Structure formats: structure tokens, C-alpha cells
Amino acid sequence: MRSLVAAPVLFGAYGVARVLDGLDGSRGPGLAWTVGHLCFLAGLALFVPIFGRLRSLAGGGATATVGYVIGLVGALALTAQFTIDVVVGFLSADHDAMSPRFDAVKAIPGVEPVVYGVVPLLFYVGLLMLVAQLALQRRVPWWSPVLVLVQAVVPLATKDLIPVGAVLLLVAFAPLMRTRPVRPGALAQGAL
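Residues numbered from 1 in each chain as written. Predicted model: local features only at pLDDT ≥ 70, side-chain atom pairs only at ≥ 80, totals over all residues. Heavy atoms only, no water.

1. A word on the overall build of the protein
Phase 1: Helices and strands together make up the secondary structure of the protein, namely nine helices and zero strands.
Phase 2: Shown N-terminal to C-terminal, the secondary structure of the protein runs as helices and strands in the order α-α-α-α-α-α-α-α-α.
Phase 3: Its C-alpha atoms give the protein a radius of gyration of 18 Å, near enough to 16 Å, the size a compact globule of 192 residues would have.
Phase 4: Each of the three principal axes of the protein carries a C-alpha extent, and together these read 60 × 35 × 25 Å.
Phase 5: For the protein, buried positions account for 44% of its 192 residues.
Phase 6: Summed over its atoms, the accessible surface of the protein is roughly 9600 Å², and 69% of this surface lies on carbon and sulfur atoms. (Helix = DSSP H or I, 4+ residues; strand = E, 2+ residues; numbered from the N terminus. Rg over C-alpha atoms; globule rule 2.2 N^0.38 Å. Buried < 20%, exposed > 50% of the residue type's maximum accessible area, 1.4 Å probe, protein only. Areas by Shrake-Rupley, 256 points an atom, 1.4 Å probe, with all protein chains shown as cover.)

Here it is, written out as C-alpha cells:
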């Protein structure tokens, strides 16, 4: 599935664009800001079929469906966040003009937790749930969910490590390229 390669590459492109954008001491607006954010949005769009595939690979079921839904909810929140970033970038003449626009958006009740706070993290929670379920089923190696977790945590140290996280995600996804969906009921019967 090409999305398993393209999504991490697009996330990495966002990370590289973000680093390049910050070389002058500030981030956004401008070409690197816009291109980077559009790369991330394209990567998020690819996660719709990725989450569906992961759910299918895990055999469907309640746990896989919960991970799928949680991941999609987080992806939707991240999509809103990055769309706002692109629009603010287009509307702003320089970096200083962006802050009041972001403040106005965040002042809308519910936007802060839903778009910038807790809900976007559900993307990573859902992804980890699905890949961990596949590891528990021995459909991917134990290190795949570990790498998924590390790639989610690494940017917390500094967002300049987003490209490193993208490489880790690509490596975590490598075993999924060979994994085939499970027949319904096969996992319950112990047959793979």
C-alpha cells in the first residue's frame, strides 16, 4: 500500500520545511510554511485509508474499530489545526501579524482543547492502538508499536525532530507492506 510510504514521507517533508522555515528565526508565513503544512495535510488524508487498512489487518472487531475511530477523530482535529495554520499564513503579511489571528481563533470556545489540545493526540493514540493490536496478534514485530510510540513522543522534545519521527514511522510501517488482511473470525479461531 503506497500510503504507508507516502504518509510518513509527507510528514517528514513537513518537518524539513518547518526546520527551513525557522532558519530566519521565525516561522511563517511564506512558502516553506505553506508547503510544509500542505504536505502534512496530504499525509493526514492518506491516513484515512491507512487506518482502514490497519483495522482490516487487525481483523476488525471492537478494539480495532475503537482504534480506527479514535485515530480518525484525531486526524480530523489535526486537519482543522493545520488548515487554520495555512489560512492564518495566507492572511498574514508577516510572523507578527499571525499571533493576533491565532489568538482570535483560540478564543472561540472549545477550539483550544478540540483543535490544539487533547483531541489531536487521539490520532497517535488510535495509530498506536492499531499497530499494538497487530503486534499482539504477531502480525507485525514487537518493535513496530514501539517505533510508533517513539515517533509520537520525539517531537515533544523539539519539533525539529519531526523528520526523525517520520523516518521512525516509515520503519514501523515496513512490516505492514507484507501483511495481509485476516479473514473474519480467523483470529478468534486461532488461525492466521
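2. Some words on the packing of aromatic side chains
Here a ring pair, both rings aromatic, is described through the centre-centre distance and the interplanar angle of the planes.
Phase 1: Going through the model one piece at a time under the given rule, you end up with 11 aromatic pairs.
Phase 2: A centroid spacing of 5.6 Å and a plane angle of 20° characterise the contact between Phe11 and Phe47, whose relative ring orientation is stacked. One end of the pair, Phe11, is in helix 1 (residues 3–21); the other, Phe47, is in helix 2 (residues 31–57), and 36 residues separate them in sequence.
Phase 3: Plain terms: the ring middles of Phe123 and Tyr124 are 4.9 Å apart, the flat faces sit at 90° to each other, and that makes the pair edge-to-face.
Phase 4: Put simply, the rings of Phe11, Tyr14, Phe40, Phe47, Phe51, Phe82, Phe123, Tyr124 and Phe173 touch in pairs and so form one group of aromatic residues.
Phase 5: One residue, Arg55, lies across the ring of Tyr68, its end atom 5.9 Å from the ring centre.
Phase 6: Residue placement shows Lys106 over the ring face of Tyr116; its charged tip is 4.7 Å from the ring centre. (Phe/Tyr/Trp six-rings, centres within 6.5 Å; stacked < 30°, edge-to-face > 60°. Lys NZ or Arg CZ within 6 Å of the ring centre and 35° of its normal.)

3. Structural notes on the layout of surface pockets
Phase 1: Within this model, the largest pocket holds a volume of roughly 1100 Å³.
Phase 2: In terms of lining, the largest pocket is formed by 37 residues, of which the most central are Tyr14, Gln81, Phe82, Lys159 and Ile162.
Phase 3: Among the secondary structure elements, those contributing two or more residues to the lining of the largest pocket are helix 1, helix 2, helix 3 (61–91), helix 4 (95–106), helix 6 (118–136), helix 7 (143–157) and helix 8 (162–173).
Phase 4: When residues of the lining of the largest pocket are assigned to their parent elements, the largest contribution, seven residues, is made by helix 7. (1 Å grid on protein atoms, 1.4 Å probe; cavity = no way out; pocket = protein on both sides within 12 Å on 5 of 7 lines; lining within 4 Å. Points joined across faces, edges and corners; volume = space filled by probe spheres on them.)

4. A short note on the nonpolar core
Phase 1: Counting residues in hydrophobic clusters, the biggest one holds 35 residues, and the most contacted among them are Phe47, Leu54 and Leu127.
Phase 2: For this core, the secondary structure elements donating two or more residues are helix 1, helix 2, helix 3, helix 6, helix 7 and helix 8.
Phase 3: If near-sequence neighbours (up to four positions away) are discounted, Leu127 is found in contact with Phe47, Phe51, Leu54, Val148, Gln151, Leu169 and Phe173. (Core = buried A, V, L, I, M, F, W, Y, C linked by side-chain atoms within 4.5 Å. Contact = heavy atoms within 4.5 Å.)

5. Topic: the side chain of Ser3
Phase 1: Among the structural elements, Ser3 can be located in helix 1.
Phase 2: Contact partners of Ser3, with chain neighbours within four places excluded, come to Pro8, Leu46, Pro49 and Ile50.

6. Comments concerning the pattern of salt bridges
When the charged atoms of two side chains lie near each other, side chains of opposite charge can form a pair.
Phase 1: This model, assessed by the stated rule, comprises two salt bridges.
Phase 2: Here Arg18 makes a salt bridge to Asp160, at a shortest N to O gap of 3.2 Å. A residue pair is termed long-range when its members are at least 10 positions apart, and Arg18 in helix 1 and Asp160 in the loop between helix 7 and helix 8 qualify at 142 residues.
Phase 3: Classification of Asp160 by relative accessible area gives partly exposed; the value is 37%.
Phase 4: Between Arg27 and Asp160 there is a salt bridge whose closest N-O contact spans 3.0 Å. (Salt bridge = Lys/Arg side-chain N within 4 Å of Asp/Glu carboxyl O.)

7. Some remarks on the environment of Arg139
Phase 1: Tracing the backbone through its elements, the reader meets Arg139 in the loop between helix 6 and helix 7.
Phase 2: For the pair Arg139 and Leu176, spaced 37 residues apart in sequence, the C-alpha to C-alpha distance is 8.3 Å.

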